[in-house]
Amino acid sequence: MRRLLSVLTPVCLLLAACTSHHDEPYAGNWIQITRINNEYVIYVPCALDLRKMKVTDSAIHEVLPMEVNDCRIVNITTAGEGYHLKGKESIYTFKWMDQKKGTAEWTIQYSASSPEEKVFFVNSIHEKEFKKVHQPESDCNTSSDAR
């Protein structure tokens, strides 16, 4: 009996972890990726923050290059192969690009009158698998006004 429990316990824990991950695949910390020369990389711009999101089942905290956006989620629905996360005004749509690589396409509309924006992100669990490319120094503003 002990042997059976010692085998079943890790299996049950693993199954529970996998199930919860699949129930909310959009949840987690996300970092924007950019396609450069036919590969996705984490592009680090001069003097700006990386675009990141922290997503839970109740809120989205988005760090944009020059501002922060917080959205309380009021409704989550399935949308084909993805999910719509609806806030009071904003709608975030999540769809896997490559689940094994942790990459997803997010379509973001901040209000009914604003255009939709498609942005590609990698889950922070897979961040180290992507090359970081820094914006060339020649493109950076080197004046004293830069952050």
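Everything numeric in this text was worked out from a predicted model, so none of it was measured.

So, how was this worked out
- Residues numbered from 1 in each chain as written.
- Predicted model: local features only at pLDDT ≥ 70, side-chain atom pairs only at ≥ 80, totals over all residues.
- Heavy atoms only, no water.
- Pairing = 2+ DSSP bridges.
- Helix = DSSP H or I, 4+ residues; strand = E, 2+ residues; numbered from the N terminus.
- Phe/Tyr/Trp six-rings, centres within 6.5 Å; stacked < 30°, edge-to-face > 60°.
- Buried < 20%, exposed > 50% of the residue type's maximum accessible area, 1.4 Å probe, protein only.
- pLDDT = per-residue confidence, 0-100.
- Contact = heavy atoms within 4.5 Å.

### Focus: the pairing of strand S1 (residues 28-36)
- For S1 and strand S3 (residues 52-55), the ladder comprises four bridges, and the chain directions are antiparallel. Following the sheet pairing, Ile31 is matched in S3 by Lys52.
- Where S1 meets strand S2 (residues 39-44), three bridges bridge the pair, whose relative direction is antiparallel. Across the sheet, the residue bridging to Ile36 is Glu39, located in S2.
- Linkage of S1 to S2, two consecutive antiparallel strands, is achieved through a turn of two residues, within which Asn37 is found at a positive phi near 50°.

### Re the packing of aromatic side chains
- Evaluation of the coordinates by the stated rule reveals nine aromatic pairs.
- On the numbers, 5.2 Å between centres and 65° between planes, the contact of Tyr26 with Tyr83 is edge-to-face. Pair noted here: Tyr26 is in the loop between helix H1 (2-23) and S1 and Tyr83 is in strand S6 (residues 82-87), with a separation of 57 residues, a long-range link. Residues Tyr26 and Tyr83 agree in their burial class; the two are buried.
- Taken together, a centroid distance of 6.4 Å and an interplanar angle of 75° make the contact between Tyr26 and Phe94 edge-to-face. Of the two residues, Tyr26 sits in the loop between H1 and S1 while Phe94 sits in strand S7 (residues 91-98), which places them 68 residues apart along the sequence. Comparing Tyr26 with Phe94, the two get one shared label, buried.

### Regarding unusual backbone geometry
- One non-glycine residue, Asn37, adopts positive backbone phi at about 50°.
- If you trace the backbone, Asn37 turns up in the loop between S1 and S2.
- Owing to a relative accessible area of 72%, Asn37 belongs among the exposed residues under this scheme.

### Notes on the confidence of the model for the protein chain
- For the protein chain, per-residue confidence averages 85 on the pLDDT scale, and 80% of positions sit at 70 or higher.
- Taken as a whole, residues 11-21 scores under 50 in pLDDT and shows zero contacts with residues more than four places along the chain or in a different chain.

### Some words on the environment of Lys100
- Note that Lys100 resides in the loop between S7 and strand S8 (103-109).
- For the pair Lys100 and His126, spaced 26 residues apart in the sequence, the C-alpha separation amounts to 9.1 Å.

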